[in-house]
Amino acid sequence: MGNIIVGIDIGASKVTTVIGQVNKIGQLEIFGQGMEQCNGVKKGVIVDIESTSNSIRLSVQKAESAAGVKVNSAYVSINGIHTSIVNSRGSISISNDNREISGKDVERVLYAARSINISEDREIIDIIPRQFIVDGYDEIIDPIGMAGLKLEVDADIITGKITSVQNIVKSMERANLKVDGLIVEALATSELAPTQDEKEMGVILIDVGAGVTDISVFRNKNMIFNESITVGGDHITNDVAIGLKIPYSEADRIKKEFELALTTLIKNDQEVTVIDINENKKKTVKVSEIVEIIEARVFEIFSLCKELLEKQKIKGDFAAGIVLTGGGISYVEGCRELANEVFNLPTRIASYKLDIVSKPEYSTAAGIVKYIASHSKGNSFGSEVKNQKQKAQKKEASLLKRILKIFT
Ligand SMILES: Nc1ncnc2c1ncn2[C@@H]1O[C@H](COP(=O)(O)OP(=O)(O)OP(=O)(O)O)[C@@H](O)[C@H]1O
Ligand SMILES: [Mg+2]
């Protein structure tokens, strides 16, 4: 089964799996989706391998039975807490008799670009060419087949903390799955949340998850910034629990019942019955009391994002404004207005209705499928998937080798 790609997103609240492919006209086709609650990740870090691998196994099983296949390997997301981007240039001479640039040359130049100094606790997990330069002519997307003497590449080298990478690999292995590659979460999410035009014009993508908010900036289609802060939707729940002195589960329930983050949008400030934390008896609170707490935390999350961009001197034109995604804010009315107030930029919530993804929770896993398909230029970079009768296709062993080959 060629070119079927399996994407797994390990989030703090859930693991999602998407089995799919991108067809000849560039559309994403999904064969199976699976979601399973996850308790093994805290603040974006795997803290319990056993529990994480169980969630992976169950999430994959659900997607497998929907797609009618058996999955042996998958591409997995890694969040911005564990990754960083370094820009690098690689340069080689073309030595073929006819001076025609081949796939092998592209592989060589990408290999040259990866000779950067990285600290001992990090490893390269992805190489993204921004542009190729042939004999001084830049902005070349695909140099294969061109004639030239010198081939250069400007590439983003993505490094990840070795321990974080190992914990992902271990959790996958315990679930009897091999890792095809690691994809930075923001890059995967950006395949579906912002449009190509928005990424070209300049856009800030804010993904509020359970324990982590991921901020990334795209301009001229490239990701120019990606960082994570360790606050997310679960902190909203926590604030509601503490503020109203009610159990966490009760806070989560009412947060999801009202799905509101702006007091000015309250239509009916009714009294709501909740369970008190101490005496386990019931009490009433007003909707405005709940929403006030949510509003303060969402405002703070956006303010922290803004501060981070300012601190890193990410300025300039964000002509396409802000795109919001992630379970922490996607369902909550008023988030758009709050982001607009903080950033003073046009804001929209990513819509997944146009795509086949049924829920925003699947956007990162589905984005992985799209990312791998669009970066492999038609080469077979599928995951190891088989149906009952077929033997699984054998994959190349080295992760880096596959990263390099994906662009050639
Ligand atoms: N209907 C809803 N209303 C408000 N918040 C919600 C709703 N549904 C989910 N959430 C919140 O969304 C958060 C989970 O979002 P998401 O699924 O994007 O996180 P994740 O990817 O698992 O975590 P992370 O990205 O932090 O690793 C939780 O805090 C959850 O309480
Ligand atoms: Mg997430």
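Since the model is a prediction, treat every value here as computed from it, not as a measurement. Positions within a chain are numbered from 1, following the residues in the order the chain's sequence is written. Note on labels: chains are lettered from A, ligands numbered from 1, in written order. In view of the model being predicted, local features appear only for residues whose pLDDT reaches at least 70, and side-chain atom pairs are presented and counted only at 80 or more, with totals across whole chains, interfaces and linings using the full set of residues. In computing side-chain values, all of the structure's heavy atoms are included and hydrogens and water are not.

Enquirer: Could you clarify how one ought to interpret the confidence of the model for the protein chain in this entry?
Expert: Regions with low pLDDT carry predicted coordinates that are not meant to be interpreted in detail. The pLDDT value tells you how sure the predictor is about a given residue, anywhere from 0 up to 100. For the protein chain, mean pLDDT is 89; residues scoring 70 or higher make up 92% of the total. Think of it this way: any DSSP run of H or I at least four residues long counts as a helix, any run of E at least two long counts as a strand, and we number them from the N terminus. By mean pLDDT, the top-scoring element of the protein chain is helix α6 (residues 233-244) (97), and the lowest-scoring one is helix α12 (residues 399-405) (48). Contact criterion: two residues are considered in contact whenever any of their non-hydrogen atoms come within 4.5 Å of each other. Below pLDDT 50 for its whole length, residues 388-400 participates in 24 contacts with residues either more than four positions away or in separate chains. Low pLDDT (under 50) marks residues 402-408, which in the prediction has 33 contacts with non-local residues, meaning those over four places away or in another chain.

Enquirer: How should I be thinking about the site of ligand 1 in this particular structure?
Expert: Around ligand 1 sit 22 residues, and of these Ala 12, Ser 13, Asp 234, Lys 255 and Glu 259 come closest. Backbone polar atom of Ala 210 to an oxygen atom of ligand 1: 2.9 Å apart, as the coordinates give it. As used in this structure description, the phrase polar contact means that two N or O atoms lie within 3.5 Å; if the pair is within protein, one of them must be able to donate a hydrogen and the other to accept it, and residues adjacent in sequence are counted only when both atoms belong to side chains. In the model, an oxygen atom of ligand 1 is placed 2.7 Å from a nitrogen or oxygen of the Lys 255 side chain. Here ligand 1, which alone exposes 660 Å², has 91% of that area covered by the protein. For the shell around ligand 1, the elements supplying multiple residues, two or more each, are α6, α7 (248-258) and α9 (327-330). With three residues, α7 is the single largest residue contributor to the shell around ligand 1. Whether a residue is near a molecule or strand depends on its heavy atoms: if one lies within 4 Å, it is near. In this description, accessible areas are obtained by the Shrake-Rupley approach with a 1.4 Å probe, and a residue is regarded as covered only by the protein chains that are shown.

Enquirer: Just checking my understanding: could you explain the nonpolar core for this structure?
Expert: Nonpolar side chains in soluble globular proteins tend to end up buried together. Throughout, nonpolar core names a set of buried Ala, Val, Leu, Ile, Met, Phe, Trp, Tyr and Cys residues whose side chains join them through atoms within 4.5 Å. Summary of the burial criterion: residues with accessible area below 20% of their type's maximum are buried, those above 50% are exposed, and those between are partly exposed, where the area comes from a 1.4 Å probe applied to protein chains only. With 57 residues, the main nonpolar core has Ile 8 and Ile 56 as its most contacted residues. If one sorts the elements of this core by residue count, helix α11 (residues 363-375) sits on top with seven residues. Setting aside its immediate chain neighbours within four residues, Ile 8 contacts Val 15, Thr 16, Thr 17, Ile 56, Val 60, Ala 74, Tyr 75, Val 76, Ser 77, Met 172, Leu 177 and Ile 368. With 45 residues, the next largest nonpolar core counts Ile 204, Val 274, Phe 302 and Cys 335 among its residues.

Enquirer: Before we go on, may I ask you to explain the environment of Ile 81 in this structure?
Expert: Structurally, Ile 81 is set in the loop between β7 (73-78) and β8 (83-93). Sequence separation between Ile 81 and Thr 213 is 132 residues, and the spatial gap between their C-alpha atoms is 9.7 Å.

Enquirer: Can you walk me through the packing of helix α1 (residues 49-67) against helix α3 (residues 162-174) in this structure?
Expert: Two packed helices can be described by the angle between their axes and the distance between those axes. In the contact formed by α1 and α3, the axes pass within 8 Å of each other and the chain directions differ by 55 degrees. In this view, α1 runs oblique relative to α3, as classed from their interaxial angle. Between α1 and α3 the crossing geometry is right-handed. In this structure, α1 uses Ile 49, Glu 50, Thr 52, Ser 53, Ile 56 and Arg 57 to contact α3, whose residues at the interface are Asn 167, Lys 170, Ser 171, Met 172 and Arg 174. Per-class residue counts for the contact of α1 with α3 are three nonpolar, four polar and four charged. Only the stretch in contact is used when fitting a helix axis, every axis being a line fitted to C-alpha atoms; angles between N-to-C directions are given from 0 to 180 degrees. Oblique is the label for any angle not covered by the other classes, which are roughly parallel (under 35 degrees), roughly antiparallel (over 145) and roughly perpendicular (65 to 115). Two helices crossing with the near one rotated counterclockwise from the far one by less than a right angle form a left-handed crossing, whereas a clockwise rotation gives a right-handed crossing. Three residue categories are used. Nonpolar comprises Ala, Val, Leu, Ile, Met, Phe, Trp, Tyr, Cys and Pro, charged comprises Asp, Glu, Lys and Arg, and polar comprises the others, including Gly.

Enquirer: Would you explain unusual backbone geometry in this entry?
Expert: For residues other than glycine, phi is negative in most cases, and the peptide bonds are mostly trans. In the Ramachandran plot, Glu 139 falls in the positive-phi region, its phi being about 60 degrees despite a non-glycine side chain. On the secondary structure map, Glu 139 appears in strand β10 (residues 137-140). One non-glycine residue, Lys 245, adopts positive backbone phi at about 55 degrees. For Lys 245, a relative accessible area of 52% corresponds to the exposed category.

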